[in-house]
Amino acid sequence: MSEVAIAQVIADLLPYANKDGVIEIVMRGVKKRFSSFQKVALADLKHGETKELMEKAIHALNQGQQGSVKNMKILQNVAQMQNLGLVLNGLNLCATCAGFAIMFAKLDKMSAEINHQISRLQATIKQGHDVQTGFEFNKVLADYQDMLDSRRRQQPYSEAQMRDLVDREYNVLILLISVLQNDLASNKKMILDSIFSMLAMLTISLRYFDEQYYFNNHEVLGDSDVWHSSHTKWMNVYDILSATWFVELLQDYGIFEAGFSTMETDVYYNALIEQVDDLRQEIEDNQVLIITVADPELLRTLHDVTTRDVRETIGAAIDIAFAGIDEETVAEVRKNALAQVAAV
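As the structure is a prediction and not an experimental result, all values here were calculated from the model.

**A short note on the packing of helix H9 (residues 188-221) against helix H11 (residues 244-257)**
Two elements in contact, H9 and H11, have axes whose closest approach is 12 Å; the angle formed by their N-to-C orientations is 140°. Put simply, H9 runs oblique to H11. In this structure, H9 crosses over H11, and the sense of that crossing is left-handed. Of the residues in H11, those in contact with Lys-188, Lys-189, Leu-192 and Phe-196 of H9 are Phe-246, Leu-249, Leu-250, Tyr-253 and Glu-257. Its residues assigned to classes, the contact of H9 with H11 shows six nonpolar, no polar and three charged.

Have a look at this one:
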């Protein structure tokens, strides 16, 4: 990696530590969006060392464009208050067993209250509980975790199992969104966190399912209608979460409940809406890639190459941003960060 490329990596990274000793590295994409939060556990670091890492990162940012530094500091402040790292890094965290363990631990703690709010919704709109028994939040979390573990053991879910998982993730998402629409959320932050986490899970599951469905059926289906007949319905959730009413809900939440300034609210809702757009694009880009490559082994190789590039970028950034820190500590940081990166 050239010195210019390394300098750009440093300029695009903002590590900071929360109260749990976790540093979240923000990586901006080619469109200069804050497209990825890479979580790095630093629980064993002393407070002074953590502070030093933060100061190094901010110093690196100050060598870049001054205008972007201000916005990134605002995003840092908003992210710390709203746990946006969990949300905006959802795609990375949901891609591996190691990464999902971080997300699962947080979501599982909320599952009882989330299921309670879904039950309130069902009672309000008079939906039968028997119809919805398969859509409990915690059950979908457990099944998603099992799906990842099955892939880790090279015994991936069948096409039928993946379709069922995608459908249940979609239905849980619709129920969670309906809780907000019907103003039944006793804790909007919790519901918003669960919505965006589930959206990341749906995105990865749907990508996996698209690949299976296409390679299993395209010879029979021909060149038209190569995706499952429910695909349009599933994709509709991205439209719902980009709708004007949802943007206004995020704005109202930022101002009236989170206590953000106008600028912080703009950063908050734009980051989340861009996340919806990015996740939708993940699905659409992968569909184009599937059809273009038309070979499962070659597609897997391309995903592996992408993963390797991401790992190299993160590794180089960690080495530079954490220069001067104990080598064993940096090695542990690198190990934890790279364990959460996988081909998605």
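**Observations concerning H9**
Compared with the 50 Å implied by 1.5 Å per residue over 34 residues, the 43 Å span of H9 between its first and last C-alpha is markedly short. One or two residues past the end of H9 sits Gly-222, with phi positive at roughly 80°.

**Looking at the packing of H11 against helix H12 (residues 262-293)**
Interhelical geometry of H11 versus H12 gives an angle of 140° and a closest axis separation of 9 Å. Classified by the interaxial angle, the pair formed by H11 and H12 is oblique. The two elements H11 and H12 cross, and the hand of that crossing is right-handed. Judged by residue contacts, Phe-246, Val-247, Leu-250, Gln-251, Tyr-253, Gly-254 and Ile-255 of H11 engage Thr-262, Thr-265, Tyr-268, Tyr-269, Leu-272 and Ile-273 from H12. Of the residues belonging to the contact of H11 with H12, the class tally is nine nonpolar, four polar and no charged.

**Some details on unusual backbone geometry**
One non-glycine residue with positive phi stands out, namely Asp-183, at about 55°. As for its placement among the helices and strands, Asp-183 is situated in the loop between helix H8 (159-181) and H9. Classification of Asp-183 as exposed rests on a relative accessible area of 58%. Within the chain, Ala-294 stands out as a residue other than glycine whose phi angle is a positive 55°. Along the polypeptide, Ala-294 turns up in the loop between H12 and helix H13 (296-321). With a relative accessible area of 39%, Ala-294 lands in the partly exposed category.

Cut-offs used in this document
- Residues numbered from 1 in each chain as written.
- Predicted model: local features only at pLDDT ≥ 70, side-chain atom pairs only at ≥ 80, totals over all residues.
- Heavy atoms only, no water.
- Axes fitted to C-alpha atoms, helices over the stretch in contact; angles between N-to-C directions.
- Helix = DSSP H or I, 4+ residues; strand = E, 2+ residues; numbered from the N terminus.
- Parallel < 35°, antiparallel > 145°, perpendicular 65-115°, else oblique.
- Left-handed = near helix turned anticlockwise from the far one by under 90°.
- Contact = heavy atoms within 4.5 Å.
- Nonpolar A, V, L, I, M, F, W, Y, C, P; charged D, E, K, R; others polar.
- Expected span 1.5 Å × (residues − 1).
- Buried < 20%, exposed > 50% of the residue type's maximum accessible area, 1.4 Å probe, protein only.

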